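Per-entry structural report
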Amino acid sequence: MSEVNWEEIHAKLPTAKDQRDERRKMFDLFDPNGNGVLSLAEVDKAIRDVLAIDEIFDSKPAIMRAFQAAKNVRNTRSDVGPDYIEFLEFKYFLISLRQYFEYWVAFKRIDDDDDRRISLDEFTQAKDIMEKWVGEIGDLEGEFGKIDSNDGGLVLFDEFCKMGHQKIARFGG
């Protein structure tokens, strides 16, 4: 993965309280049929066409996780079902997209062979990088085992994200 322009990404994701109007305009651009809800396909296309940030568009696992996190965060219209994002959920989606993209970039830095899984060997080799992110890791094998919640012998992106959420909660971030 090439170097990420974090300033550009933060600037293109209007998540501040005073950016509600900008979010509304962006939501409307994401919603080409004007039905007031966003499907995963609409979100995916808009990330490419509206946000125009290739690094995020190429990070499908991050997009999927952010979409799943946001689609039911609020009690919203029951007539459309639970598989869509409405405007009241859109800010949370943008915040989640940024967070999961950060996780994806970190995950890809550790996943040397690009198989979308982190082996114990890759995890061990990335110790110095990870300790910059989460603090000291004493027992690498033990920590790897905690993250590998399905006991598959590899850390998948969703397991990596859970670890990231736990570390953020522990440090109060």
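In this text, all values refer to a predicted model and were calculated from it rather than measured experimentally.

**Some thoughts on the pattern of salt bridges**
Summed over the entire model, instances satisfying the criterion amount to 10 salt bridges. For the salt bridge of Arg-48 with Asp-49, the shortest nitrogen-to-oxygen distance reads 2.7 Å. For Arg-48, a relative accessible area of 38% gives the class partly exposed. Here Asp-49 falls in the partly exposed class, since its relative accessible area comes to 40%. Measuring nitrogen to oxygen at the nearest pair gives 3.3 Å for the salt bridge that ties Lys-127 to Glu-131. Pair noted here: Lys-127 and Glu-131 are both in helix α8 (residues 127–134), with a separation of 4 residues, about one helical turn.

**Quick notes on the packing of helix α3 (residues 40–51) against helix α5 (residues 60–70)**
Orientation of α3 relative to α5, taken along the N-to-C sense of each, is 130°, at an axis distance of 11 Å. The angle between the axes of α3 and α5 places the two elements in the oblique class. The two elements α3 and α5 cross, and the hand of that crossing is right-handed. Residue-level contacts link Leu-40, Val-43, Asp-44 and Ile-47 of α3 to Lys-60, Ile-63, Met-64 and Phe-67 of α5. Its residues assigned to classes, the contact of α3 with α5 shows 6 nonpolar, no polar and 2 charged.

**Structural notes on the nonpolar core**
Counting residues in each nonpolar core, the largest one holds 47 residues, and the members touching the most others are Phe-30, Ile-47, Phe-90, Phe-93 and Leu-97. Per-element tally for this core: the top contributor is helix α6 (residues 87–110), with 13 residues. Dropping the residues within four chain positions of it, Ile-47 is found in contact with Phe-30, Ala-52, Ile-53, Ile-56, Phe-57, Ile-63, Phe-93 and Leu-97.

**Notes on the packing of aromatic side chains**
Aromatic ring pairs: the centre-centre distance and the angle between the two ring planes describe each pair. A full pass over the atoms with the stated rule returns 11 aromatic pairs. Ring centres 5.3 Å apart and planes at 80° place the aromatic pair Phe-27 and Phe-90 in the edge-to-face group. Note that Phe-27 is positioned in helix α2 (residues 20–30) and Phe-90 in helix α6, a separation of 63 residues in sequence. An identical accessibility class is assigned to Phe-27 and Phe-90; each is buried. With 5.0 Å between their ring centres and 85° between their planes, Trp-104 and Phe-157 make a pair best called edge-to-face. In this pair, Trp-104 sits in helix α6 while Phe-157 sits in helix α10 (residues 157–171), placing the two residues 53 residues apart along the sequence. One aromatic cluster is present, built from ring pairs that chain together Phe-27, Phe-30, Phe-87, Phe-90 and Phe-93.

**Comments concerning the confidence of the model for the protein chain**
On average, residues of the protein chain score 89 in pLDDT, and 92% of them reach the 70 mark or higher. Between the elements of the protein chain, mean pLDDT differs from a low of 73, seen in α10, to a high of 98, seen in α2. In this model residues 169–173 is a low-confidence stretch, pLDDT under 50, and it forms 3 contacts with partners more than four residues away in sequence or in other chains.

**Points about the environment of Pro-14**
Following the sequence through the fold, Pro-14 ends up in the loop between α1 (6–12) and α2. In the structure, Pro-14 is positioned 107 residues away from Asp-121 in sequence and 39 Å away in space, judged by C-alpha atoms. Those residues within four positions of Pro-14 in sequence are excluded, and the remaining contacts are Gln-19, Glu-22, Arg-23, Met-26 and Leu-94.

**Things to note about unusual backbone geometry**
In the Ramachandran plot, Ala-52 falls in the positive-phi region, its phi being about 55° despite a non-glycine side chain. Position of Ala-52 relative to the elements: it lies in the loop between α3 and α4 (54–57). The residue Arg-116 is not glycine, and still its phi comes out positive at about 65°. Checked against the element boundaries, Arg-116 lands in the loop between α6 and β3 (117–118). According to the relative accessible area criterion, Arg-116 is partly exposed, its value standing at 42%.

Cut-offs and rules
- Residues numbered from 1 in each chain as written.
- Predicted model: local features only at pLDDT ≥ 70, side-chain atom pairs only at ≥ 80, totals over all residues.
- Heavy atoms only, no water.
- Salt bridge = Lys/Arg side-chain N within 4 Å of Asp/Glu carboxyl O.
- Buried < 20%, exposed > 50% of the residue type's maximum accessible area, 1.4 Å probe, protein only.
- Helix = DSSP H or I, 4+ residues; strand = E, 2+ residues; numbered from the N terminus.
- Axes fitted to C-alpha atoms, helices over the stretch in contact; angles between N-to-C directions.
- Parallel < 35°, antiparallel > 145°, perpendicular 65-115°, else oblique.
- Left-handed = near helix turned anticlockwise from the far one by under 90°.
- Contact = heavy atoms within 4.5 Å.
- Nonpolar A, V, L, I, M, F, W, Y, C, P; charged D, E, K, R; others polar.
- Core = buried A, V, L, I, M, F, W, Y, C linked by side-chain atoms within 4.5 Å.
- Phe/Tyr/Trp six-rings, centres within 6.5 Å; stacked < 30°, edge-to-face > 60°.
- pLDDT = per-residue confidence, 0-100.

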